[in-house]
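# Analysis of the macromolecular model
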Amino acid sequence: MTGPAVVDVVLADDHPVVRTGLRAVLEAEPDVRVVAEVGSAEKLLARLREGLRADVVLLDLQFGPGRLGGVDAVREIVATDGPAVLVVTTYDADADILAAVEAGARGYLLKDAPTHELVAAVRAAAAGEVALGPAVQRRLLGRLRSPGTALTARELEVLALVAEGRTNDEIAHALFLSRATVKTHLVHVYDKLGAPSRTAAVAEARRRGLLRG
């Protein structure tokens, strides 16, 4: 008889201590093997293009100023039929979760998740299943229960750029939208959040956990 299939995992996080902790947890399991570690999304994509083979990538969302973000890396990995991507991050805002899931991430976990949840999520992602941590499931369930007041993924994108101080013209350029469409999205955002202005909308979205604080 043959033993269980081994799940090959790549760790992509810019903090060596985090990678060391993830490796220790995963390699304690007989059916999980860490085949590579990288400290940036750029290095991850380069290694995959060079032929690195894996079943699952554990990917952070943020790699520091000026670096390629995790969501963009997810899109490229999915577009090239690469490994399943399991986002493991500290960010639990709706904007981050929806962006990752819409980009094609197979799962989303927070870094404070218990070790058994992490291992289970890795196995689930390798098997082609969706792997969402309980905290993430609760946030998504809350959106489903109040669809009329929940911001859409596009509205969250627009509001996140507002939070960065972008003008409507800059937002339109970044998202390939017309200026009128951006204004329409903002009208919907103000209405759903009960906010009279850009500043108030950003503050309320952060209070609700829709954007990073």
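What you see is a predicted model, and the numbers here were worked out from it, not measured in a lab.

This paragraph deals with the packing of helix α7 (residues 153–163) against helix α9 (residues 179–193). Between α7 and α9, the shortest axis-to-axis distance is 9 Å and the interhelical angle comes to 95 degrees. Considering their axes alone, α7 and α9 lie roughly perpendicular with respect to each other. Every residue of α9 that contacts α7 at Arg154, Glu155, Val158, Leu159 and Val162 is listed here: Val182, His185, Leu186, His188, Val189, Lys192 and Leu193. For the contact of α7 with α9, the per-class residue count stands at seven nonpolar, two polar and three charged.

A word on the environment of leucine 156. Secondary-structure assignment places leucine 156 in helix α7. Setting aside anything within four residues of it in sequence, one finds leucine 156 in contact with Asp94, Ala95, Leu98, Arg143, Leu151, Leu210 and Leu211.

The next point concerns the nonpolar core. Membership of the largest hydrophobic core comes to 27 residues, with the highest contact counts inside it found for Val10, Ala12, Leu44, Leu59, Val87 and Tyr108. The set of elements that each furnish at least two residues to this core consists of β1 (7–12), β2 (32–38), α2 (41–49), β3 (56–59), α3 (70–79), β4 (84–89), α4 (94–103) and β5 (107–110). With residues up to four places along the chain from it excluded, the contact list for valine 10 reads Val35, Ala36, Leu44, Leu52, Ala54, Val56, Val57 and Leu58.

Moving on, we come to the side chain of glutamate 155. Following the sequence through the fold, glutamate 155 ends up in helix α7. There is a polar contact of 2.9 Å between the side chain of glutamate 155 and the backbone nitrogen of threonine 152. Dropping the residues within four chain positions of it, glutamate 155 is found in contact with Ala150, His185, His188, Val189 and Lys192.

Along β5, one buried face is formed by Gly107 and Leu109 and the opposite face, lined by Tyr108 and Leu110, is buried too. Alignment of β4 against β5, held across four bridges, turns out to be parallel. Its bridge partner lying in β5, threonine 89 is registered against leucine 110. In this fold, β4 hands off to α4, which returns the chain to β5; that crossover is right-handed. Here β5 pairs with strand β6 (residues 131–132) via two bridges, running parallel. Across the sheet, residue tyrosine 108 finds its bridge partner in β6, namely leucine 132. Regarding topology, helix α5 (residues 115–126) serves as the crossover connection from β5 to the parallel β6, and that connection is left-handed.

This brings us to the side chain of asparagine 168. Structurally, asparagine 168 is set in helix α8 (residues 168–175). Judged by relative accessible area, asparagine 168 falls into the buried class, the value being 12%. Residues in contact with asparagine 168, not counting those within four places in the same chain, are Arg179, Val182, Lys183, Leu186 and Arg198.

For α8, the set of buried residues is Asn168, Ile171, Ala172 and Leu175. Taken end-on, α8 shows its buried residues confined to a sector of 100 degrees, consistent with a single buried face. Where the residues of α8 are buried, they touch α7, α9 and α10 (198–207). Following α8 by one or two positions, phenylalanine 176 adopts a phi angle in the positive range, close to 60 degrees.

The subject of this paragraph is the environment of aspartate 94. Positionally, aspartate 94 belongs in helix α4. Aspartate 94 sits 93 residues away from valine 187 along the chain, and the two C-alpha atoms are 19 Å apart. Beyond its immediate sequence surroundings of up to four residues, aspartate 94 is in contact with Arg139, Arg143, Leu156, Gly209 and Leu210. Here the side chain of aspartate 94 touches arginine 139 through a polar contact of 2.6 Å, side chain to side chain.

Inspection of the entire model under this criterion finds zero aromatic pairs. A cation over a ring is seen here: arginine 212 above tyrosine 91, with NZ or CZ 3.6 Å from the ring centre.

Definitions and cut-offs
Residues numbered from 1 in each chain as written. Predicted model: local features only at pLDDT ≥ 70, side-chain atom pairs only at ≥ 80, totals over all residues. Heavy atoms only, no water. Axes fitted to C-alpha atoms, helices over the stretch in contact; angles between N-to-C directions. Helix = DSSP H or I, 4+ residues; strand = E, 2+ residues; numbered from the N terminus. Parallel < 35°, antiparallel > 145°, perpendicular 65-115°, else oblique. Contact = heavy atoms within 4.5 Å. Nonpolar A, V, L, I, M, F, W, Y, C, P; charged D, E, K, R; others polar. Core = buried A, V, L, I, M, F, W, Y, C linked by side-chain atoms within 4.5 Å. Buried < 20%, exposed > 50% of the residue type's maximum accessible area, 1.4 Å probe, protein only. Polar contact = N/O pair within 3.5 Å; in protein donor to acceptor, adjacent residues only side chain to side chain. Pairing = 2+ DSSP bridges. Right-handed = clockwise from strand over helix to strand, strands pointing away. Arc of directions from axis to C-beta. Phe/Tyr/Trp six-rings, centres within 6.5 Å; stacked < 30°, edge-to-face > 60°. Lys NZ or Arg CZ within 6 Å of the ring centre and 35° of its normal.

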